[in-house]
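Structural characterization, general
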Amino acid sequence: MAKKLAGTMKLQVPAGQANPSPPVGPALGQRGINIMEFCKAFNAKTADMDPGAPCPTVISYYQDKSFSMDIKTPPASYFLKKAAKVKSGANNPSRETVGSVSPAQIREIAEAKMKDLNANDIEGAMQIILGSARSMGIEVK
Amino acid sequence: MPTWTALTTVTGKPAAEQLGAAMERLNPEPTGVGVFEVEDDSGLWEVGGYFIEPPDQAGLAVLAAMVGAKDFTVSELPETDWVAHVRRELAPVEAGRFFVYGSHDADKVPEGREALLIEAAMAFGTGHHGTTLGCLKALDSLLEQGVTASRVADIGCGTAVLGMAAARVWPELVIASDIDPQAVDVARANVAANDLEGRVEVVEAAGFDHAALEGPFDLIFANILKGPLIALAPEISARLSPGGFAILSGILTEQADQTLAHYLDCGNDLHSRDDIGDWTTLVLRKLST
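Below is a short write-up of the structure. (Residues numbered from 1 in each chain as written. Chains lettered and ligands numbered in written order. Predicted model: local features only at pLDDT ≥ 70, side-chain atom pairs only at ≥ 80, totals over all residues. Heavy atoms only, no water.)

A look at the overall build of chain A
This is how the line gets drawn: Runs of H or I in DSSP of at least four residues are treated as helices and runs of E of at least two as strands, each being numbered from the N terminus. Exposure classes here rest on a 1.4 Å probe applied to the protein chains alone. A residue is buried below 20% of its type maximum, exposed above 50%, and partly exposed in between.
Scanning chain A for helices and strands turns up five helices and five strands. Secondary structure elements in chain A, listed N-terminal to C-terminal, are β-α-α-β-β-α-β-α-α-β. Principal-axis analysis of the C-alpha atoms places the extent of chain A at approximately 50 × 30 × 25 Å. Across the 141 residues of chain A, 48% fall into the buried class.

Here it is, written out as structure tokens:
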């Protein structure tokens, strides 16, 4: 079919829990995109993930209101906070440490995030996650 | 939950995408960022953010200045039933005898019409576009002229709405194909939802690269785009039976003459042409000799 792209949007949508509340409702609704069909498809595609994990999702929609979606892995900060069992990162990470994670956990997070990271190998991906941990005041030990 | 929006416009897609990416780094961060082409040929793009707390207006002003965008307009969205809003926008599409509707309008199907259930979802071809509408109207017009077809192919089928429309009015098997595996899945689900299993066979194929598409066909739909339509002109023409029809769409009106010329060169005549909005649907007939 003659797909002509009308726009894209990137929304943070909780895995398995998409519903018509913000941001999904207003973002899709203002463009006339079928909210319930989006929620049904998104929730099916994320059914095996941690319920509620925030998934950056790029939605491309076409002139006849059909759409496609590219669901990214949750941000590194989500995995790091979960691994360190903290609710938020440090306000001043250069002076404050809010928690710690193990090198094995850094590798696990790097493996989970690998497909969305700009890294050639798992070592490079781990370096990116280490940087995120430092910027949140989470130490590795 | 309250929602704030921050909207602006900027010239050109690169600046719009740069602004959209920069908005994601605001604090408080947006829960959504959208980049949309303004459909008035102005070259303007709309960039918008959704926030669950009032956004940083000073930060937005800096970002707007960075890419030469207009100042952001920040407002709190009123509480809205967005599902109901969308359902009003996704109204049924009527094209002659065909009535294309979403499940939310199942109670509105008129008697005596050829009804097709298509959800506006993960494949193109909902009927809410001049290209699909043009193809359905062209099919309806051929039926009015007494045309019958025993072998039909729908190339680049998307939802398979066109193939299913043909299967509703003619008894033979219709072959629908798409290069996109996701569209193939959606098309198969639509075929099942419309009780047309065994009447429409959906295959994954690039062009005619599938044994089921060898032809000849009495009618070929190809609602794709100018480039692939021109590339497929020899194959579509070769697979039409003498006197057979091709319904082509996905062509901008200014591209129609160029596309048509390729099909005339391949032994077809122009049967009819319909312009809907910016889009043209061509109906071609294969010469008998």
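Additional details are given in the paragraphs that follow.
Considerations on helix α3 (residues 76-84) of chain A
All names here are of chain A. The cut-off we apply is this: It only takes one pair of heavy atoms within 4.5 Å for two residues to be counted as in contact.
For α3, every residue scored as buried is listed here: Ala76, Tyr78, Phe79, Leu80, Ala83 and Ala84. Contact partners of the buried residues in α3: β2 (54-62), β4 (99-101), α4 (103-113), α5 (122-135) and β5 (138-140). Count one or two residues on from α3 and you reach Lys85, which has phi positive near 55 degrees.

Notes on the nonpolar core
The following threshold applies: Each nonpolar core is a collection of buried residues, namely Ala, Val, Leu, Ile, Met, Phe, Trp, Tyr and Cys, held together in the definition by side-chain atoms within 4.5 Å.
The biggest cluster of nonpolar side chains holds 54 residues, and the ones touching the most others in it are Met9, Leu28, Phe38, Phe67 and Leu80 of chain A. The element contributing the most residues to this core is α3 of chain A, with six residues. If near-sequence neighbours (up to four positions away) are discounted, Leu80 of chain A is found in contact with Val101, Ile106, Ile109, Ile129, Ser132, Ala133, Met136 and Ile138 of chain A. If you look at the next biggest cluster of nonpolar residues, it comprises 39 residues, including Ala160, Trp170, Ile247 and Val283 of chain B.

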